[in-house]
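Summary of structural features
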Amino acid sequence: MNRYIELLIEFGLKNGMIESLDIPLVRNQMMSILCITEPYIKSNQKNDNNNSGGLEENSKEIIGSPSYILNPLLDLAVEAGLISHLVTERDILDAKIMACMMPRQSELYRLYSAVVNSKGKEAGTEYFYHLSMASNYIRMDRISKNIYWQATTDYGELEITINLSKPEKDPKEIAAAKLIPQSNYPKCFLCLENVGFEGGGNHPARSNHRVLPVTLNKEQWYFQYSPYVYYNEHAIIFKQEHEPMTINQKTFDRLLDFVTEFPHYFVGSNADLPIVGGSILSHEHFQGGHHKFPMEKAVAFYTTSLDLYPTTNISLIKWPLSVVRIAGNNKQELSDLANHILLSWRNYSDHALLIHSHTGTVPHNTITPICRINDKGLYELDLVLRNNRQSDEHPDGIFHPHAYLHHIKKENIGLIEVMGLAVLPERLEAELGMIAELLTKDTSAEDKARKDVMRQAANLAQHITWLEELIEKYGINHSKEEAMTIVQKEVGISFEKVLDCAGVFKQDTGGNLGIKRFLDSL
């Protein structure tokens, strides 16, 4: 194992994590963690290769990631009895090891500030992003397994990804986690107290986790990257205090402050109600990054203005969800208008379109806001109108993916999906592969082939109706490449329908008249 310590030190030097003066300290810390009493003594090249532990043969190097060194090292740690084979224990150990080369919070901020002062804000975020990958906090070895493609739709090129990055836990690990006493520290996965936290059965390893301070609306917030990024520089911005998600005027002020400081990033917030909100509603946070989503490219089909907000442009865009886009260079006016739209929408109903603002005193209307500086250099806010009402016909939500689409996507439509990136479940990798196989060429008679298809489809029960539609539309005489192209295209069409379900005003004549009525109400 001591040879791998030297390889990690070389990796740290190469990636700017440490300097030569740090080597003795880092080496001793890693040796202590791995219960090693003697450092590696370099011998002749032949012996080095023979004692490599399979590094060259069995480990794939991923740019910016130390996993090609860590994975065989962790295997040796299992053999030595330091840890078990369970994913949680491996993650805790590799985070501890990499933390030896991570700066303390104050040192990180000084290093980041030095980059910003000499090269600019964009270079600063690139530095922090690279460090987060090099430390193995961003798990590029797992993220690289995700499947990604683009699908042409009526709304442009939608982005599709099948999430294969989160490791499947061993049943023993799941059972053991249930026996661990519940702790309120940290209160959630976003809290500041996660920085440097060891983790355990119910909490991910965070020894190598670091954050940067940022001031939004005169409040203390922090900036980090997601350990499982879905797009370039996928950032999370969270409030210092553990407070629940709330969409109000302060939200717009914070978003505008963020893009003022990070003009190359977009930033947005999940909605603050169940069904239409994100997975963590207990802690105020945003998501951002250096990525241009399909929704940003959507064009306006209607523009207007309000006398009280003379410098702000208002438009409706061609997008399956209902979006009011406002743009201008006056931050205060933009914030005031966004708040006016929010408060108006909170109490707006259009019963003909199934939009009810309340059931009794229970609210249903909210907004998913996204902020950026557009290509014209103007502040731009996309205010996505949301409603979480349920019905007997649609118990999961009237403006939620409907049941016939659940074979592809049944989870909440959060911020990332709203902007046009589908994050689909792992199960679809195998299921879509099987469906593509059923659309490939068959040398037997067509009627026999169809019967075989339907018999095999018994393993794909939730997809049967969709599969029948694909066979009717495309037939079954396709090459493997053609079949997978068809399947991916149709998944994109299904995602388009998923987004259409989430739109409170549909992209049709009735819906367009309806959203204009809402604008008139302002």
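Just above sits the structure.
Calculation rules
- Note on numbering: residues in each chain are counted from 1, in written sequence order.
- Side-chain atom pairs in this predicted model are given and counted only at pLDDT of 80 or more, local residue features only at pLDDT of at least 70, and totals for whole chains, interfaces and linings cover all residues.
- Excluded from the side-chain calculations are hydrogens and water; all other atoms, namely the structure's heavy atoms, are used.
- A run of H or I in DSSP counts as a helix once it spans at least four residues, and a run of E counts as a strand once it spans at least two, with each numbered from the N terminus.
- Any two residues having at least one pair of non-hydrogen atoms within 4.5 Å are treated as being in contact.
- Take the buried residues of types Ala, Val, Leu, Ile, Met, Phe, Trp, Tyr and Cys, join any two whose side-chain atoms come within 4.5 Å, and each joined set is a nonpolar core.
- Burial classes: relative accessible area under 20% of the type maximum marks a residue as buried, over 50% as exposed, and values in between as partly exposed (1.4 Å probe, protein chains only).
- Two strands are said to pair when DSSP picks up at least two bridges between them.
- Geometry is summarised by axes, namely lines fitted to C-alpha atoms with helices restricted to the contacting stretch, and by angles between N-to-C directions that run from 0 to 180 degrees.
- We call two N or O atoms a polar contact when they sit within 3.5 Å, provided that within protein one can donate a hydrogen and the other can accept it, with sequence-adjacent residues counted only if both atoms are side-chain atoms.
- Stacked, edge-to-face and tilted labels apply to pairs of Phe, Tyr and Trp rings (six-membered ring for Trp) whose centres lie within 6.5 Å, assigned for plane angles under 30 degrees, over 60, and everything in between, in that order.
- Charges are assigned to positions over rings by a cutoff of 6 Å between ring centre and Lys NZ or Arg CZ, combined with an angular limit of 35 degrees from the ring normal.
- Each direction from the helix axis to a C-beta atom contributes to the arc, which is the arc of those directions.
- The term salt bridge refers to a side-chain nitrogen of Lys or Arg lying within 4 Å of a carboxyl oxygen of Asp or Glu.

Section: the environment of Arg139
- Inspection of the secondary structure puts Arg139 in the loop between helix 8 (121–134) and helix 9 (140–143).
- For the pair Arg139 and Val229, spaced 90 residues apart in sequence, the C-alpha separation works out to 8.4 Å.
- Arg139 has contacts with Asp91, Asp94, Pro227 and Tyr228, leaving out every residue within four places of it along the chain.

What about the nonpolar core?
- Counting residues in each nonpolar core, the largest one holds 87 residues, and the members touching the most others are Phe223, Ile237 and Ile326.
- Trp319, Leu415, Ile486 and Val491 belong to the second-largest nonpolar core, a separate cluster that totals 50 residues.

Remarks on the sheet that holds strand 4 (residues 219–225)
- One open sheet accounts for 10 strands, arranged 3-4-5-7-6-13-14-10-9-8; its pairing is antiparallel. Each end of this open sheet is capped by a strand with a single partner; those strands are strand 3 (212–216) and strand 8 (300–306). Ignoring strand direction, the axes of neighbouring strands in this sheet form an average angle of 25°.
- When strand 6 (residues 266–268) meets strand 13 (residues 365–373), the two strands line up antiparallel, connected through two bridges. What sits directly across from Gly268, in strand 13, is Ile370.
- This element, helix 8, spans strand 3 and strand 4 of the sheet and lies at about 55° to strand 4.

Let's talk about the sheet that holds strand 2 (residues 156–162)
- The strand order 1-2-15 describes an open sheet built from three strands, whose pairing is mixed. Each having just a single partner strand, strand 1 (147–153) and strand 15 (421–424) make up the two edges of the open sheet. Within the sheet, the average angular offset between the axes of one strand and its neighbour, ignoring direction, is 25°.
- With seven bridges joining them, strand 1 and strand 2 adopt antiparallel strand pairing. Residue Ala151 lies in a different strand from strand 2, and its bridge partner there is Leu158.
- Along the sheet, helix 14 (residues 427–438) makes contact with strand 1, strand 2 and strand 15, crossing strand 2 at roughly 110°.
- Each of strand 1, strand 2 and strand 15 touches helix 17 (residues 480–502); the most contacted strand, strand 2, lies at about 105° to it.

A word on the environment of His283
- Examined against the element boundaries, His283 turns out to sit in the loop between strand 6 and strand 7 (285–289).
- Apart from residues lying up to four places away in sequence, His283 is in contact with Cys188, Leu190, Cys191, Phe238, Lys239, Glu241, His242, Glu243, Pro244 and Met245.
- A polar contact is formed between the side chain of His283 and the backbone oxygen of Lys239, at a distance of 2.7 Å.
- There is a polar contact of 3.3 Å between the side chain of His283 and the backbone oxygen of Glu241.

Considering the packing of aromatic side chains
- Evaluation of the coordinates by the stated rule reveals 21 aromatic pairs.
- Pairing Tyr155 with Trp319 gives two aromatic rings, centres 6.3 Å apart and planes at 70°, and the pair type is edge-to-face. You can see Tyr155 sitting in the loop between strand 1 and strand 2 and its partner Trp319 sitting in the loop between strand 9 (309–317) and strand 10 (323–328), a full 164 residues away along the chain.
- With a relative accessible area of 15%, Tyr155 lands in the buried category.
- Three or more aromatic residues joined by ring pairs make a cluster, and in this case those are Phe128, Tyr129, Phe223, Tyr225, Phe258, Phe262 and Tyr265.
- Positioned over the ring face of Phe262 is Lys121, at 5.0 Å from the centre of the ring.

As for the pairing of strand 8
- Two elements, strand 8 and strand 9, share five bridges in a ladder whose sense is antiparallel. By the bridge assignment for strand 9, Thr303 is matched with Ser315.
- In this antiparallel pair of consecutive strands, strand 8 and strand 9, the connection spans two residues.

Examining helix 16 (residues 464–474)
- Taken as a whole, helix 16 has its buried residues at Trp466, Leu467, Leu470 and Ile471. The arc enclosing the buried residues of helix 16, seen along the axis, measures out at 140°, which places them on a common side. The outward face of helix 16, more than 90 degrees from its buried face, is lined by the exposed residues Thr465, Glu472 and Lys473.
- In the segment just after helix 16, Gly475 is the residue with positive phi, at about 75°.

Description of the pairing of strand 2
- The element strand 2 is extensively covered by neighbouring structure, given that five of its seven residues are classed as buried.
- One ladder, built from four bridges, connects strand 2 with strand 15; its direction is parallel. Bridged to Glu159 within strand 15 is Leu421.

Considering helix 2 (residues 23–33)
- Buried residues of helix 2: Ile23, Val26, Met30 and Met31, and no others. Projected onto a plane normal to the axis of helix 2, the buried residues spread over an arc of 130° and lie on a single side. Exposed side chains of helix 2 directed beyond 90 degrees from the buried face belong to Leu25 and Ser32.
- Tucked inside the fold, the buried residues of helix 2 contact helix 1 (2–14) and helix 6 (87–99).
- Residue Cys35 follows helix 2 closely and has a positive phi angle near 55°.

Digging into the pattern of salt bridges
- Applying the stated rule across the entire model yields 24 salt bridges.
- As a salt-bridge pair, Arg372 and Asp382 come within 3.0 Å of each other at their nearest N and O atoms. Placement of the pair is Arg372 in strand 13 and Asp382 in strand 14 (residues 379–387), with a sequence separation of 10 residues. The burial state of Arg372 is the same as that of Asp382; both residues are buried.
- A salt bridge links Glu417 to Lys409, with the shortest nitrogen-to-oxygen separation between them at 3.1 Å.
- When salt bridges with common partners are traced through the structure, they connect Asp91, Asp94, Arg139, Asp141 and Arg142 into a single cluster.

Such coordinate-based values are descriptive only and should not be taken to indicate function.
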